[in-house]
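Chain and residue survey
Single-letter residue listing:
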Amino acid sequence: MTLPFFVYGTLRPGEVNHGLFLRGRTRSEEPGRLADAVLYEGPGYPYAVEEPGGGVVGGELVTALPEAYEALLAELDRLEEYVPGDPRSLYVRVERQVVRETDGAAVPAWVYLAAPAVAARLQARGRAIAGGDWRARV
């Protein structure tokens, strides 16, 4: 399934991993938001955790160039330390509805969320990023 990616941390334009992984490989990058999620501080990068009624996470909907999609998907899975079915994964890649800010349309997208064990630790003793915007953290 070819879906755009919703990026909310170091893959956003202007952040370190955008240049390393996305520059020159995308067709579009549009502001978007993921509802019912809270953004937590990680060690140099954030984690989004699903929490119904919890808030909104800001980021970008990134549509990859068709010829770059498969390789990019594999590279992002490695970057996010996501291995399907592996309980040691830091993130899980899931399909979620993301609202595109330009027109308010809900768009299905891949989102890397904190894996269950990581999410439980963050909810118990993590530091939430107020407003759900990685760039606005203090």
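Up top is the structure these notes are about.
Residues numbered from 1 in each chain as written. Predicted model: local features only at pLDDT ≥ 70, side-chain atom pairs only at ≥ 80, totals over all residues. Heavy atoms only, no water.

1. Quick word on the side chain of Ser89
Rule in force here: The secondary structure listing takes helices from DSSP runs of H or I that are at least 4 residues long and strands from runs of E that are at least 2 residues long, numbered from the N terminus. Per-residue accessibility, obtained with a 1.4 Å probe over protein chains only, is compared with the maximum for each type, and a residue is labelled buried under 20%, exposed over 50%, and partly exposed between these values. Two N or O atoms form a polar contact when they lie within 3.5 Å of each other; inside protein one atom must be a possible hydrogen donor and the other a possible acceptor, and for residues adjacent in sequence the pair counts only when both atoms belong to side chains. Residue contacts are defined here by distance: any two heavy atoms, one from each residue, within 4.5 Å place the two residues in contact.
Tracing the backbone through its elements, the reader meets Ser89 in the loop between helix H2 (69-79) and strand S6 (91-100). With a relative accessible area of 6%, Ser89 lands in the buried category. At 2.9 Å, the side chain of Ser89 forms a polar contact with the backbone nitrogen of Val83. Look past the residues within four positions of Ser89 in its chain and what remains in contact with it is Glu81, Tyr82, Val83 and Ala115.

2. Observations regarding the packing of aromatic side chains
Applicable threshold: Side-chain rings of Phe, Tyr and Trp (the six-membered ring for Trp) are treated as a pair once their centres are within 6.5 Å; stacked means planes under 30 degrees apart, edge-to-face means over 60, and tilted covers the remaining angles.
A full pass over the atoms with the stated rule returns 5 aromatic pairs. When the centroid spacing of 4.7 Å and the interplanar angle of 25° are considered together, the rings of Tyr47 and Tyr91 count as stacked. Highlighted residues: Tyr47 in strand S4 (residues 46-50) and Tyr91 in strand S6, separated in sequence by 44 residues. With respect to class, Tyr47 is no different from Tyr91; both count as buried. Taking the centre distance of 6.5 Å and the plane angle of 70° together, the rings of Tyr82 and Tyr112 count as edge-to-face. Here Tyr82, found in the loop between H2 and S6, pairs with Tyr112, found in strand S7 (residues 106-114); they are 30 residues apart in sequence, far enough to count as distant. On the basis of relative accessible area, Tyr82 is assigned to the buried category, the value being 15%. Joined through ring pairs, the aromatic side chains of Tyr45, Tyr47 and Tyr91 make up one cluster.

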